Amino acid sequence: MTDEMQGRVVGPPPGTPYHRLALTALHRWWRPPLGTAVVVVGYILVGSVLTQAARSDFGDVLWFREPLVDLALQLLALAALIPLVFFAARVIQRRPIGTLSSVLGRLRWRWLLACLGVAIVVPTVLGGVLWLLPEGRASELLGHEFAGWHRLLLASVVLLLIVPIQAAAEEFAFRGWFVQSFGAYLRSPWPGIAAASVIFAIAHGFGTGWGFVNLLLWGVVLGWLTIRTGGLEAAIVFHVATNTPFFLARAATGLADTQSVTDVATISAAYSDWQILVAQQLSLALYAIGVVLVSRRMKPARVSGSHGEDKVHDRT
């Protein structure tokens, strides 16, 4: 009986770099495109359901204001990318879902915490540059006045629970699934990184040219860091460290009452100007340099099977 008939899950061979982890003994040419179609269609369906829920009377119950519910549901729609790509990897590609995380078949928590220590530069640099912007620009980005402690606390609880998952989900999809889908056919990681970065920028909407370049460079650098360190940990940490402080700052100045997640996304990313481009790329460059320096000391695995006890085994 063939592996396909048995429903076996097979891991990559030892020595496989991150972008090639989908190239297992069970790889077939049709698996990556089919999996991509499932992820895209699934995301559209989940997003449609949650969007309808946000527009229903549910947004007016209890103390919730509709914009905060709308924000939470749209972030949850993005978070749904995690189970979708896991399903595509496990059921369609017949490989361990952990191969989306790193070459060791799991999230490497010690390495993730090390990246988190480096990531302190992200909100520091972004916040510093923001206060240096011309008068009026900061208020446009962060709001106009304090929203009140009860609204801030409610929004903060929601955001702290959901934003890290949403940010991680985007990395599993763009730096994980899409990069590895290209890697199933190509030896070089760069076509996958380039394509995933373009898709990442387009997915945030067409705004300014500066915004598109900002998102494109974001994808390229985080894609390179993923290959350079053998996993998504560094990319996830940067994404969380960028999104969380920004959403919390917006919550403090009226996000729960005045803005939806779409408005915030276009202000901060797709519709950013050259000042925001410089601020985000400066923080990203400092973060990337810090991650590389720390990786030289910690030496995170860059290929599968690098450590006997952490090897990705075939699973039945």
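Model, not experiment: these values are computed from the prediction.

Engineer: Residues and numbers for the overall build of the protein chain, please.
Structural biologist: In terms of regular secondary structure, the protein chain is built from 14 helices and zero strands. Mapped in sequence order, the helices and strands of the protein chain form the string α-α-α-α-α-α-α-α-α-α-α-α-α-α. In the protein chain, which comprises 316 residues, the proportion classed as buried is 54%. Within the protein chain, counting contacts between residues at least 6 apart in sequence, those at least 24 apart form 84% of the total. Accessible surface, the protein chain: about 14,500 Å² in total, of which carbon and sulfur atoms supply 69%.

Engineer: Could you give an account of the packing of helix 10 (residues 209-229) against helix 11 (residues 233-252), naming the residues involved and the relevant values?
Structural biologist: One can describe the packing of helix 10 onto helix 11 by two numbers: an axis separation of 8 Å at closest approach and a directional angle of 140 degrees. Contacts between helix 10 and helix 11 involve W218, L222, T226 and T229 on the former and, on the latter, A234, A235, F238, H239, T242 and N243. Class assignment for the residues of the contact of helix 10 with helix 11 results in five nonpolar, five polar and no charged.

Engineer: Which residues make up the packing of aromatic side chains, and what values do they have?
Structural biologist: Evaluation of the coordinates by the stated rule reveals seven aromatic pairs. Ring geometry for F174 versus F200: centroids 5.2 Å apart, planes at 70 degrees, classification edge-to-face. Here F174, found in helix 8 (residues 149-183), pairs with F200, found in helix 9 (residues 190-203); they are 26 residues apart in sequence, far enough to count as distant. Comparing F174 with F200 shows no difference in burial state: the two are buried. These aromatic residues form a ring-pair network of at least three members: F174, F178, F200, W218, F238 and Y287.

Engineer: So, helix 10: which residues are in play, and what are the values?
Structural biologist: Between its terminal C-alpha atoms helix 10 stretches 30 Å, which fits the 30 Å expected from 21 residues at 1.5 Å a residue. Positioned one or two residues after helix 10, G230 has a phi angle of 80 degrees, which is positive.

Engineer: So what about the pattern of salt bridges? Which residues, and what values?
Structural biologist: Considering all chains together, one arrives at two salt bridges under this definition. The closest approach of N and O atoms between R108 and E233, which form a salt bridge, is 2.7 Å. Here R108 is found in the loop between helix 4 (81-92) and helix 5 (109-118), whereas its partner E233 is found in helix 11, with 125 residues between them in sequence. What makes E233 buried here is its relative accessible area of 0%.

Engineer: Go over the environment of P32, please, and point to the residues and values.
Structural biologist: Assignment of secondary structure puts P32 in helix 2 (residues 31-55). Relative accessible area serves as the criterion here: at 2%, P32 is assigned to the buried category. Taking the C-alpha atoms as reference points, P32 and A89, separated by 57 residues in sequence, lie 8.7 Å from one another. In this structure P32 touches H27, Q93, W177, S181, A184 and Y185, once residues within four positions along its chain are discounted.

Engineer: Got a sec to walk through the layout of surface pockets? Specific residues and values, please.
Structural biologist: Estimates place the volume of the second largest pocket at around 230 Å³. If you go around the second largest pocket, the residues you meet are L107, W109, L112, L116, P164, A168, F172, I236, V237 and V240. For the lining of the second largest pocket, the secondary structure elements donating two or more residues are helix 5, helix 8 and helix 11. When grouped by side-chain class, the residues that make up the lining of the second largest pocket number 10 nonpolar, no polar and no charged.

Engineer: Give me the nonpolar core: which residues, what numbers.
Structural biologist: Most often, soluble globular proteins keep nonpolar side chains buried together rather than apart. The biggest cluster of nonpolar side chains holds 56 residues, and the ones touching the most others in it are Y287 and V291. Those elements that place two or more of their residues in this core are helix 4, helix 5, helix 8, helix 9, helix 10, helix 11, helix 13 (261-270) and helix 14 (274-298). With nine residues, helix 8 is the largest single contributor of residues to this core. Every residue in contact with V291, bar those within four places of it in the chain, is listed here: W111, C115, V118, L225, T229 and A234. Counting residues in hydrophobic clusters, the runner-up holds 13 residues, among them L68, A155, F247 and A252.

Engineer: Which residues make up helix 8, and what are the values?
Structural biologist: Under the 1.5 Å per step criterion, the end-to-end length of helix 8 is 48 Å for 35 residues, consistent within 8% with the ideal 51 Å. Considering bend angle alone, the principal kink of helix 8 is centred on L159 and spans about 30 degrees.

Engineer: Any details on the side chain of E171? Residues and values, ideally.
Structural biologist: Following the sequence through the fold, E171 ends up in helix 8. Not counting the four nearest positions on each side in its chain, E171 is found in contact with G176, W218, L222, L232, A235, I236 and H239.

Engineer: Go over the confidence of the model for the protein chain with me, naming the residues and quoting the values.
Structural biologist: On average, residues of the protein chain score 83 in pLDDT, and 78% of them are at 70 or above. Here helix 12 (residues 255-258) stands out as the least confident element of the protein chain, with mean pLDDT 46; helix 4 is the most confident, with 98. Note on residues 256-267: pLDDT under 50 across the span, and 28 contacts to partners over four residues away in sequence or across chains. Here residues 308-316 is modelled with pLDDT under 50, and outside its nearest four sequence neighbours on either side it reaches 23 contacts, counting other chains as well.

Engineer: Account for a nonpolar patch on the surface, naming residues and giving values.
Structural biologist: Residues W29, W30, L34, F182, Y185 and L186 make up a contiguous nonpolar surface patch of roughly 620 Å² in combined accessible area. When you line up the elements, W30 lands in the loop between helix 1 (3-6) and helix 2. Since its relative accessible area comes to 36%, W30 is described here as partly exposed.

About the thresholds
Residues numbered from 1 in each chain as written. Predicted model: local features only at pLDDT ≥ 70, side-chain atom pairs only at ≥ 80, totals over all residues. Heavy atoms only, no water. Helix = DSSP H or I, 4+ residues; strand = E, 2+ residues; numbered from the N terminus. Buried < 20%, exposed > 50% of the residue type's maximum accessible area, 1.4 Å probe, protein only. Contact = heavy atoms within 4.5 Å. Areas by Shrake-Rupley, 256 points an atom, 1.4 Å probe, with all protein chains shown as cover. Axes fitted to C-alpha atoms, helices over the stretch in contact; angles between N-to-C directions. Nonpolar A, V, L, I, M, F, W, Y, C, P; charged D, E, K, R; others polar. Phe/Tyr/Trp six-rings, centres within 6.5 Å; stacked < 30°, edge-to-face > 60°. Expected span 1.5 Å × (residues − 1). Salt bridge = Lys/Arg side-chain N within 4 Å of Asp/Glu carboxyl O. 1 Å grid on protein atoms, 1.4 Å probe; cavity = no way out; pocket = protein on both sides within 12 Å on 5 of 7 lines; lining within 4 Å. Points joined across faces, edges and corners; volume = space filled by probe spheres on them. Core = buried A, V, L, I, M, F, W, Y, C linked by side-chain atoms within 4.5 Å. Bend = angle between axes of the 7 residues up to and from the residue. pLDDT = per-residue confidence, 0-100. Patch = residues over 30% accessible without salt bridge, like charges linked within 9 Å, V, L, I, M, F, W, Y side chains within 5 Å.

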